[in-house]
Amino acid sequence: MAGNSRRQGAMRNPGTKKGAVVGSGGQRRKGLEGKGPTPKAEERPGHKNYRKPTTKRVAGSKDKPTSELIAGRNPVVECLRAQIPATALYVAIGVEPDDRVAESIRLAADRGISVLEVSRPELDRLTAGAMHQGLSLQVPPFEYAHPDDLLEAAAATAEPPLLVALDGVTDPRNLGAVIRSAAAFGANGVLLPQRRSAGITAVAWRTSAGTAAKIPVAVATNLTRELRALAAKGLMIVGLDADGTMELDNLDLATGPLVVVVGSEGRGLSRLVREACDATISIPMSAGVESLNASVAAGVVLAEVARRRRVAGRI
């Protein structure tokens, strides 16, 4: 074969046309229009400076905040619609586009979020084998406030301070739902304990519908100590408890400076936190009905507090 100077594969079939391969309809590139700004080197898989996003493994660990990846077409588009902070949208090469993919790419590009095409095996690796459906969104670490910031936020309003504290709530969905209720009913902030608590994970972000970006969420090294410090500043501390010392209907404390403490999903309030409360309140319910989910109970109480404050404002 010495006479053949062409390397193998160099000959071109004259019948082959340049352009899209058979089956794509020429639509794949069109479906990925508007990719936004060129990503940084550390965000581009394959680049020597690429840094793989790490995923938070332990729920509630707030010591070493890390980026997270939200996987799946519905979760990704919902987070983008809620304007949850994000740094990159990963799209699998050759993904079959649908309305959710197109909308996710458009929303990301409109917000200046980098849109990165990666191979499907690479996306499998990035999402640790999650059901990503060719789409994943990178969410940056959540920035927690200092407990003192909550009262500063309250001072900027005309209403008495209203804070929500969570004691041992470990389900990020419950955390996200409580944050959403707190924002909806005029609370000035949410207080979490450093230990034995869910943190603002991708799941909590999604459940809060983006409200975690609109209300300060602080972390207390010791929740009991922080509650006592708030009490010393004039706030009344009330805890939700099925066997409370008063019913929600009698919560006259609602119109003054208040902290509503929500206990864990299974055990309720811890002993030390209960002792730090000025009162415990129960929600009247029909006989034979089990206790409410922690986030639902928090929403009911906060709605009543908001109602009483509206009435007091009209008197």
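Residues numbered from 1 in each chain as written. Predicted model: local features only at pLDDT ≥ 70, side-chain atom pairs only at ≥ 80, totals over all residues. Heavy atoms only, no water.

1. A few points about the overall build of the protein chain
- What the protein chain contains, in helices and strands, is ten helices and eleven strands.
- Of all 315 residues assigned to the protein chain, the portion counted as buried reaches 44%.
- Taking the contacts inside the protein chain whose residues are at least 6 apart along the sequence as the reference set, 81% of them involve residues at least 24 apart.
- Of the roughly 16,900 Å² that the protein chain leaves accessible, carbon and sulfur atoms contribute 50%. (Helix = DSSP H or I, 4+ residues; strand = E, 2+ residues; numbered from the N terminus. Buried < 20%, exposed > 50% of the residue type's maximum accessible area, 1.4 Å probe, protein only. Contact = heavy atoms within 4.5 Å. Areas by Shrake-Rupley, 256 points an atom, 1.4 Å probe, with all protein chains shown as cover.)

2. Side note on the pattern of salt bridges
- Evaluated as defined, the whole model comprises twelve salt bridges.
- A salt bridge links Arg 173 to Asp 171; the nearest nitrogen and oxygen atoms lie 3.6 Å apart.
- Looking at Asp 171, the relative accessible area reads 22%, which means it is partly exposed.
- Between Arg 308 and Glu 304 there is a salt bridge whose closest N-O contact spans 2.9 Å. With Arg 308 and Glu 304 both in helix H10 (residues 294–314), this residue pair falls four residues apart, about one helical turn. Here the two residues Arg 308 and Glu 304 agree in accessibility, since each one is buried.
- Salt bridges sharing common partners tie together Asp 252, Glu 304, Arg 307 and Arg 308. (Salt bridge = Lys/Arg side-chain N within 4 Å of Asp/Glu carboxyl O.)

3. Examining the sheet that holds strand E3 (residues 114–118)
- With mixed pairing, four strands are arranged side by side in an open sheet as E1-E4-E2-E3. Two strands bound the open sheet, and with one partner strand each, they are strand E1 (68–71) and E3. Recorded for the sheet is a direction-independent mean angle of 25° between the axes of neighbouring strands.
- Where strand E2 (residues 88–92) meets E3, five bridges bridge the pair, whose relative direction is parallel. Within the sheet, the bridge partner assigned to Ala 88 lies in E3 and is Ser 114.
- In the packing of helix H2 (residues 73–81) onto the sheet, the strands contacted are E1, E2 and strand E4 (135–139), and the crossing angle to E4 comes to about 45°.
- Contacting E2, E3 and E4, helix H3 (residues 99–110) runs over the sheet at an angle of about 150° to E2. (Pairing = 2+ DSSP bridges. Axes fitted to C-alpha atoms, helices over the stretch in contact; angles between N-to-C directions.)

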